[in-house]
Structures are given as structure tokens and as C-alpha cells.
Amino acid sequence: MIDRKGFERALLERLPRMRRFAISLTGTVAEGDDLVQSACERAWRRRRSLRDPERLDSWLFQIIRHVWIDQRRGPEARVDPEDPVTFHDLAGGDAERELEARLSLDRTFAAMLRLPAEQRAVLLLVGAEGYAYREAAAILDIPIGTVMSRLARAREALGRLLEDAQDSPARETGS
Amino acid sequence: MSADADRQRLADKDLLAYVEGRLDTASRQAVDQALSRDAGLQRRVAAMRRAVAEEPGLLDSVLEAPVPDRLLRAARMPARPGPGARLAATGGRLRRLLRSTGWGLAAPAGAAIAGLLIGLAVDGEPSSPGGGSGYRPAGSTAAGSLPPAALDALVGVLERGTGGGQVGAIAITVGQALPLPVDADCRWFQVTMDGARHDGIACARPPGWSVMTVETSAVADGE
């Protein structure tokens, strides 16, 4: 078990990567940050369920995914009875708006957003985070075969979208 | 699973390994051969390679961007011992408790912190403050009860100013100072002993610590 101070340090260190995963799921910075905020709160409450500190990263990604699923179930299911009532910032700060603006110029992200969220999650975990298929399957709670089929479809679709964007001068945004 | 799906899965697996450069020479040559005969497969592989090249840099700008304050706050240690506390909107109750013990809250500040106090775990109304004096000697309890051994150990930890400690079989965690506009250093604590967990708030005002409120629950495993 990690002590509270160590847990805090580990969480702070991982915020950028937690944000990246969350934004890849939600598609927007504001929603992604809401998701990370809720995930941090849940992580603190469930800290004791982390048996193996070596698995902290995938444990955090799992929490993000679970919170995201809960939130998508709709407003009625949105409140975890254990969740304290917290007020997320109504409007994102300057930092969030600036990042949103940067991402709006990111053609790869734009193409990625045309894929289903389930495929984006696999792409991010395997492609960017470098997880083995088996580990990605554990985080997403799906069979390894599903990881592979989603990854293959995601890569093919993303690659074609990027090729189309490049071949079509009308869509050049001068990156 | 149908034979088609089986073949598809096998193909996915091989193609993924191929574009990731993880095939041994013999397998790679087999895929190369298949590719040379199949223009559709060539296009698929070209698209997949294109994606693979982009993947390490996916959403890089998020990693480079400054993290918003609200996330830094959420990641920092909560002022209360996290999972042990039973959560309730008890801001008003704690304010009444503090006021009843004569520690008082300025009215506007009191209203303003109602939101801050949401989520604090306080159960049980405070006992009568008694004698009008707000101060109780270290270790006495205003509400609930703590076994004497736990009380001694807790007061020891509070006085040393450490975040927690282990005294024999008694485990103690103490939170950071609560953001209360009262003239006292108030902290969450959690004491676990003999299969019971005691969550509460203790406040320091010279010459010692007072336990303001305690809630006891059984320790649930696997929480």
C-alpha cells in the first residue's frame, strides 16, 4: 500500500497522462478535465483497493474509464452515493481554453474523433501509452481478441482519414 | 465464433504484428508475399502504418500543457481521511457544533463555508457544551466516544504534529488543517483499532487538543 503522501505525489505526476486518456474518451478538454477531477476524487476514496502499487497506472486508467461509463449512463446514474457533492468549475480556466484551441488545430486528433470512443481508447492505450494488448484488455475489461480487432480497425480507419486529409487540398489547414 | 471471424482475428493479429515490426523473418516474408498479391491488403497495411507512425505523438499537446489548478487540487490529499468517512451534507451541523462550543463563526464566513463543509463526515449532534465554556481538556469528546487507549494515542500523534502513526495495534491518520474560519486548528482524524474505525474532528486551542466529534464504524475489508 502506498502511503498518503506517496499516493498524492504519484497522482500529481500522472495528471497529464490521465488528462490525455480522458480527453481521448470525451473529445473535449472541459469534459476530459471533469472526468479526471472525478477520477481523482474516486481514486482517493478507493485508495485502499489498490493492492499492488506497481499497477497504479492501469488502476487509474480503469477508474477514469469507470467514471466515464457512469457519466454516460445519464444524469440519474451520475451520482455515486459515495461521491461527495463537489462543484466542478462551471467554465474552464485559461489553461483549458488554450489547450482546446491547440487541439482544434491537431489534425490527427480531429481524425481520431471520427472513430468510436472504444477504438480511441485502445489506440491511446496501446499506441501512445505503450501497453501490451493483454494490459489494455485488463484496463478496458474486454477480451484480448477484442483489443486486437478494435486496434486493427482503428488503425486502418485513422490511417485512411489522415491520407484523405492529406490528399484533399481543400482540407489542408497548413499545419 | 464463425470461421470467418476466426480468420479475421488471425489476420488482425498478424497484420498488427507486421505493422509494429514484431514478426520474425519467416512470418514477415509470408505477409510480404500475401501483400504482393493483394492490392486491397496493401492499402490496409499502408493506412495502418500511417496510423502507427502517428500514435506515439497522439495528443502530445495535452502532456505539454499546464495542468489546471482544479485538477491539482483534486489530486492533492483530501483534508479528511478519504474512504473511511461516511459522507453527508453536514456543514450546518458542524457549524452548529462549533458555535455551541463557543468557538463561533463569523456570520458571512459561516455562510460562505457551507459549501466547503459539504462532504464532511459528522454524525451525532453535539452534546451540550456545558458551562458555556468552549474549551475541553485534551482528549475529551464532545460527541461520540473513543476508547481511552485510542484517545491517548491520537492525542500523542496530534501533539507531535505528524500526519499519522502506529501505536501498537492502533493506526492513526491525521489530515491537514481544515479550512474553517474558526480560531483553532481543526483536523480530521481516523483511528483504527480492534476492527473498529473512528472518524472524527479534533481541534487545537491552547492548552491542548479537543476531540469535537467521533463517528465509529466497523472496518470493512476490501474498501
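As a reminder, the structure under discussion sits directly above these lines.
What counts, and at which threshold
- Residues numbered from 1 in each chain as written.
- Chains lettered and ligands numbered in written order.
- Predicted model: local features only at pLDDT ≥ 70, side-chain atom pairs only at ≥ 80, totals over all residues.
- Helix = DSSP H or I, 4+ residues; strand = E, 2+ residues; numbered from the N terminus.
- Buried ≥ 20, exposed ≤ 12 C-beta atoms within 10 Å, placed from the backbone.
- Contact = placed C-beta atoms within 7 Å.
- Nonpolar A, V, L, I, M, F, W, Y, C, P; charged D, E, K, R; others polar.
- Core = buried A, V, L, I, M, F, W, Y, C linked by C-beta atoms within 7 Å.
- Axes fitted to C-alpha atoms, helices over the stretch in contact; angles between N-to-C directions.
- Parallel < 35°, antiparallel > 145°, perpendicular 65-115°, else oblique.

Of the regular secondary structure elements, chain A holds 8 helices and 0 strands. Secondary structure elements of chain A, listed N to C terminal, follow the sequence α-α-α-α-α-α-α-α. Sorting the 175 residues of chain A into buried and exposed places 40% on the buried side. Partitioning the contacts of chain A with sequence separation of at least 6, the portion at a separation of at least 24 is 65%.

Positive phi is not limited to glycine here, since Asp141(A) has a value of about 60°. Mapped onto the secondary structure, Asp141(A) falls in the loop between helix H7 (133-140) and helix H8 (144-167). The backbone phi angle of Asp194(B) is positive, close to 50°, even though this residue is not glycine. Looking at where Asp194(B) falls in the secondary structure, it is placed in the loop between strand E3 (185-193) and strand E4 (196-205).

A few words on the interface of chain A and chain B. Counting from both sides, the interface comprises 52 residues of chain A and, opposite them, 44 residues of chain B. Counting residues per element, the ones that place at least two in the side of chain A that touches chain B are helix H1 (4-26), helix H2 (29-45), helix H4 (94-104), helix H5 (107-112), helix H6 (117-128) and H8 of chain A. Looking at which element gives the most residues to the side of chain A that touches chain B, the answer is H8(A), with 12 residues. Taken together, the residues of the side of chain A that touches chain B break down into 23 nonpolar, 9 polar and 20 charged.

On the secondary structure map, Arg44(B) appears in helix H3 (residues 39-54). Separated by 29 residues in sequence, Arg44(B) and Leu15(B) place their C-alpha atoms 9.2 Å apart.

Right, let's talk about the nonpolar core for a bit. Counting residues in each nonpolar core, the largest one holds 62 residues, and the members touching the most others are Ala39(A), Cys40(A), Ile64(A), Val122(A), Leu125(A), Leu151(A) and Leu158(A). Per-element accounting of this core gives the leading share, 9 residues, to H8(A). Not counting residues up to four positions away in its chain, the partners in contact with Leu125(A) are Phe61(A), Tyr131(A), Ala136(A) and Ile139(A). Counting residues in each nonpolar core, the second largest holds 22 residues, with Leu146(B), Ala184(B), Ala202(B) and Cys203(B) among its members.

Moving on, we get to the packing of H2(A) against H4(A). All names here are of chain A. Where H2 meets H4, the closest approach of the two axes is 9 Å, and the angle between their N-to-C directions is 125°. Considered as vectors, H2 and H4 are oriented oblique to each other. When H2 is examined against H4, the residues Val29, Ala30 and Asp33 are found in contact with a partner set consisting of Glu96, Leu99, Glu100 and Leu103.

This next bit is on the environment of Leu123(A). Along the chain, the position of Leu123(A) falls in helix H6. Here the alpha-carbon distance between Leu123(A) and Arg150(A), two residues 27 residues apart in the chain, equals 8.4 Å. Leaving out residues up to four positions away in the same chain, Leu123(A) has contacts with Met112(A), Leu151(A), Ala154(A), Leu158(A) and Glu55(B).

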